[in-house]
Structures are given as C-alpha cells and as structure tokens.
Amino acid sequence: MSITSDVIRGHTETIILARLIEKDSYGYQINKDIMEKTDNMYELKEATLYSAFRRLEQSQLIATYWGNEEVGARRRYYAITDRGREAYKEYKHDWENAKAIIDKLLK
Amino acid sequence: MNEKLRNHLDLLFENAPKTRKAFELKEELLANSDERYNDLIRSGITPEDAYKNVVNSIGDVSELFKGLAEVEVGEDKETNEIIKKLALIKSAAVGLYIFSFVILILFSLLRPSYHANFPVIGFMIMILIDIIPTCMLVYVSNVYPKYNRQADTVVEDFKEWKSETKKSKALKNSITSVLWTLTVLLYFAISFATWSWQVSWIIFLVAICAQTVIGLVFRLKEIKE
C-alpha cells in the first residue's frame with residue numbers, strides 16, 4: 001500500500017475540495033465520507049487533513065466558520081470558494097492527464 | 001472518555017505555541033476525535049479499542065505547530081538592524097539639509113559682483129545639495145520594514161496595524177520636513193534676490209496651506225484603505 005498512500009496523499013487537497021463542492025463539511029465528516037466511498041480502504045490521518053486545510057485556506061480555496069451546535073462541542077466547518085472551484089477543475093484535469101500518461105507508459 | 005481524550009490532546013499540544021490559533025486547532029481536533037470515538041462505541045467497539053483507534057487516527061500534529069506561529073515574544077533582530085540603519089540615514093539627511101542651508105548663507109554674505117552673482121550661485125548649490133537628503137528620506141520611508149507577526153494574537157494584530165500607520169506617518173513627516181525646509185530656503189532665496197522682505201514672508205502662509213493639503217491627502221488615503 002506504500003506507493004498508493006503516497007500518491008493519494010499527494011492529492012489530499014483535491015480530495016477535500018471534491019467533498020466540499022458537494023456541501024460544506026467539517027474534518028471528521030470529510031474523513032467519514034472518504035472511508036465510506038472507498039469502502040474503508042482509505043482514510044486520512046487528522047494531522048494530514050489539517051495541514052491540507054491550512055494550505056487550502058492560505059491559498060483562499062476554502063473558507064472556514066464555526067458552527068452553532070445545539071449538542072456537543074462546536075465544530076469548525078469548511079466551505080469551498082469560487083477560487084476553490086476553479087482550482088478543483090484544474091487539479092482534476094491534471095490528475096486525469098497524469099492517469100492517462102501513466103496508463104500509456106505502463107502498458 | 002472525554003477527559004481521557006482531552007488530556008491526550010493537552011499533552012500533544014504541550015509544546016505548541018500559546019496562541020489563539022493553537023487553541024482553536026485543539027478545539028477542532030477534540031470535537032472531531034470525540035465524534036469519532038462515539039461513532040466507534042456505537043458500532044460496538046470497546047472503549048479501550050475505540051480510544052486507541054482515535055489516538056492513532058490523530059497522527060503527528062507537531063508538523064502543524066509551525067503554522068501556528070513562532071513563540072518568542074522578542075523583537076525580530078533583523079528588523080531592528082534595519083530600523084537602526086534607517087534612523088542613521090534620516091539623521092544624515094537632516095544634517096545635509098542644514099549643511100546646504102549654511103552654504104547658502106555663506107554665499108549670500110558675499111556681495112554680488114559683476115562676474116558672479118554669489119547669492120544665486122549659493123542658492124543653486126544649496127538646491128543641488130538638497131537633492132541628496134531628499135532622496136535619502138524618500139528611500140527611508142519606502143524601505144521601512146513591514147512588521148513581521150511574532151504570533152497570531154490580538155496583540156500582534158494591533159502591532160501590525162500600528163506599524164502600517166507608522167509607515168504612512170513616517171512618509172507624511174518626511175514630506176512635511178521637506179516642505180518646510182524648501183519653504184525656508186525659498187524664502188531666503190527670494191528675499192535676497194528681490195530684497196522685498198516685507199512681502200516674501202507670505203510664502204510661509206502658502207507653506208501652511210500646502211501642509212494642510214498634505215494632511216488631508218493622507219487622511220483620504222487612510223479612509224480609502
């Protein structure tokens with residue numbers, strides 16, 4: 001699983017953007033969605049998730065706000081920005097290019 | 001197991017900088033870890049295993065501490081060096097202004113002879129010398145170092161804002177001092193040239209108007225930002 005996790009980890013930001021395009025979310029929810037979608041084959045460490053959040057925030061691709069929870073501790077929500085949507089399209093495109101090239105080379 | 005998780009996070013964040021950002025990150029981590037723990041319990045995992053799972057899923061947070069800003073609340077040495085240098089340049093500039101003014105006075109003391117109009121020559125030399133300190137002051141006000149945040153706290157926010165206004169103040173002061181030096185010089189130049197001292201003092205009134213205008217321009221700039 002070593003190359004796989006490295007490759008996937010390199011795309012952490014794109015993966016997060018993909019989740020946020022669907023709806024605003026928070027750390028654990030995003031991780032849960034990822035586990036569900038990959039049938040528990042993949043999950044992110046919280047530390048990885050958070051450093052990705054910081055980078056995305058710094059590049060202004062996501063915005064963050066605190067939620068008003070009736071029950072439990074307050075959660076930090078993230079939302080995608082317009083710049084984020086643009087970036088996501090680009091990253092997805094890059095990935096599809098890379099995928100196509102590698103597939104060709106590994107035939 | 002809230003307490004156990006909370007304690008674990010407190011331990012993890014022991015070496016983190018004591019800033020608002022750090023506190024908020026800890027809060028976020030706690031909320032997420034808590035929910036994960038509860039989900040695991042609900043799915044039938046034992047408390048012990050659930051706790052281990054959650055701790056493992058957090059991973060290594062020390063990487064994140066860098067982004068939470070530096071700790072030392074001292075001044076940045078490099079910035080201080082630069083500020084000292086700038087102060088030196090400013091003093092030198094003022095010295096040059098005074099020097100040029102003295103030159104003007106000296107030349108004016110010489111009676112204008114038919115092959116050399118000394119006062120005017122003195123005036124011209126003074127203006128030429130003044131180019132140097134004026135350039136120095138403009139350079140200084142543009143190079144003024146931006147205050148580097150030591151930590152992301154409310155205090156630092158304020159310090160950064162203050163340095164911004166300090167910069168525009170420095171610029172405004174530079175312009176004001178240039179204005180008044182030029183005014184005094186012009187006053188003497190015109191007075192010696194035309195010998196109408198009874199009128200030439202009006203230039204000071206003009207200078208006062210100019211200074212008010214400059215003040216307004218800077219206020220406008222501040223409002224725009």
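Residues numbered from 1 in each chain as written. Chains lettered and ligands numbered in written order. Predicted model: local features only at pLDDT ≥ 70, side-chain atom pairs only at ≥ 80, totals over all residues.

What to know about the overall build of chain B
And step 1. For chain B, the helix and strand inventory stands at nine helices and zero strands.
And step 2. Listing every helix and strand of chain B by position from the N terminus yields α-α-α-α-α-α-α-α-α.
And step 3. A burial count over chain B gives 16% of its 225 residues as buried.
And step 4. Within chain B, contacts between residues separated by at least 24 positions form 66% of all contacts whose residues are at least 6 apart in sequence. (Helix = DSSP H or I, 4+ residues; strand = E, 2+ residues; numbered from the N terminus. Buried ≥ 20, exposed ≤ 12 C-beta atoms within 10 Å, placed from the backbone. Contact = placed C-beta atoms within 7 Å.)

As for the overall build of chain A
And step 1. A tally of regular secondary structure across chain A gives five helices and three strands.
And step 2. The helix and strand sequence of chain A, counted from the amino end, reads α-α-β-α-α-β-β-α.
And step 3. Classification of the 107 residues of chain A by burial places 22% in the buried group.
And step 4. Pairs at least 24 apart in sequence give 50% of the contacts found in chain A among residues at least 6 apart.

Focus on the interface of chain A and chain B
And step 1. If you look at the interface, chain A gives 14 residues, while chain B gives 18 residues.
And step 2. The set of elements that each furnish at least two residues to the side of chain A that touches chain B consists of helix 3 (27-37) and helix 4 (46-58) of chain A.
And step 3. Broken down by element, the residue count for the side of chain A that touches chain B peaks at six residues, all from helix 4 of chain A.
And step 4. Here the residues of the side of chain A that touches chain B are counted per class, giving four nonpolar, four polar and six charged. (Nonpolar A, V, L, I, M, F, W, Y, C, P; charged D, E, K, R; others polar.)

What about helix 9 (residues 202-224) of chain B?
And step 1. Taking 1.5 Å per residue, 23 residues should reach 33 Å; helix 9 of chain B reaches 34 Å between its end C-alpha atoms and fits that length.
And step 2. The buried fraction of helix 9 of chain B amounts to zero of the 23 residues, a small share that puts the element mostly on the outside. (Expected span 1.5 Å × (residues − 1).)

Points about unusual backbone geometry
All names here are of chain A.
And step 1. A positive phi is found at Asp39, a non-glycine position, where the angle reads about 50 degrees.
And step 2. Within the secondary structure, Asp39 is located in the loop between helix 3 and helix 4.
And step 3. Positive phi is not limited to glycine here, since Asn40 has a value of about 60 degrees.
And step 4. By the secondary structure assignment, Asn40 is in the loop between helix 3 and helix 4.

A short note on the environment of Leu25 of chain B
And step 1. By the secondary structure assignment, Leu25 of chain B is in helix 2 (residues 20-42).
And step 2. Non-local contacts of Leu25 of chain B, meaning those with residues more than four positions away in its chain, are made with Tyr50 of chain A together with Leu64 and Leu68 of chain B.

Description of the sheet that holds strand 1 (residues 25-26) of chain A
Either a parallel or an antiparallel arrangement is found when strands of a sheet pair, and the pairing is made through backbone hydrogen bonds.
All names here are of chain A.
And step 1. Strand order in the open sheet made by the three strands is 1-3-2, with antiparallel pairing throughout. A strand with exactly one partner marks an edge of an open sheet, and here the two such strands are strand 1 and strand 2 (62-66).
And step 2. In the sheet, strand 1 pairs with strand 3 (residues 76-80) via two bridges, with the strands oriented antiparallel. Bridge assignment links Ser25 to a residue of strand 3, and that residue is Tyr78. (Pairing = 2+ DSSP bridges.)

A closer look at helix 2 (residues 12-22) of chain A
And step 1. Within helix 2 of chain A, burial applies to Glu13, Ile15, Ile16, Leu17 and Leu20 of chain A.
And step 2. Residues of helix 2 of chain A that are buried in the fold lie against strand 1, helix 3, helix 4, strand 2, strand 3 and helix 5 (82-105) of chain A.

Considerations on the confidence of the model for chain B
Residue and element names in this part refer to chain B.
And step 1. Residues at a pLDDT of 70 or more form 84% of chain B, whose mean pLDDT is 80.
And step 2. Counting contacts from residues 71-75, a segment whose pLDDT is below 50, to residues more than four positions away or on other chains yields four contacts.
And step 3. Under the prediction, the complex receives an ipTM of 0.84, its pTM being 0.52. (pLDDT = per-residue confidence, 0-100.)

Side note on the pairing of strand 3 of chain A
And step 1. In the sheet, strand 2 of chain A pairs with strand 3 of chain A via five bridges, with the strands oriented antiparallel. Paired with Thr64 of chain A across the two strands is Tyr78 of chain A, which belongs to strand 3 of chain A.

Things to note about the packing of helix 2 of chain B against helix 3 (residues 47-58) of chain B
All names here are of chain B.
And step 1. Running from N to C, helix 2 and helix 3 cross one another at 145 degrees; their axes reach a closest spacing of 9 Å. As for how helix 2 packs across helix 3, the hand of that crossing is right-handed. Together, Leu29, Ser33, Arg36, Tyr37, Leu40 and Ile41 of helix 2 and Pro47, Ala50, Tyr51, Asn53, Val54, Ser57 and Ile58 of helix 3 make up the contact between the two elements.
And step 2. Along the lines of polarity and charge, the residues of the contact of helix 2 with helix 3 split into nine nonpolar, three polar and one charged. (Axes fitted to C-alpha atoms, helices over the stretch in contact; angles between N-to-C directions. Left-handed = near helix turned anticlockwise from the far one by under 90°.)

Digging into the packing of helix 1 (residues 2-12) of chain B against helix 2 of chain B
All names here are of chain B.
And step 1. In contact at an axis separation of 10 Å, helix 1 and helix 2 are set at 145 degrees when each is read in the N-to-C sense. By crossing handedness, the relation of helix 1 to helix 2 is classed as right-handed. Across from Asn2, Leu5, Arg6 and Leu9 in helix 1, the residues of helix 2 making contact are Lys26, Leu29, Leu30, Ser33, Asp34 and Tyr37.
And step 2. Of the residues that constitute the contact of helix 1 with helix 2, the class distribution is five nonpolar, two polar and three charged.

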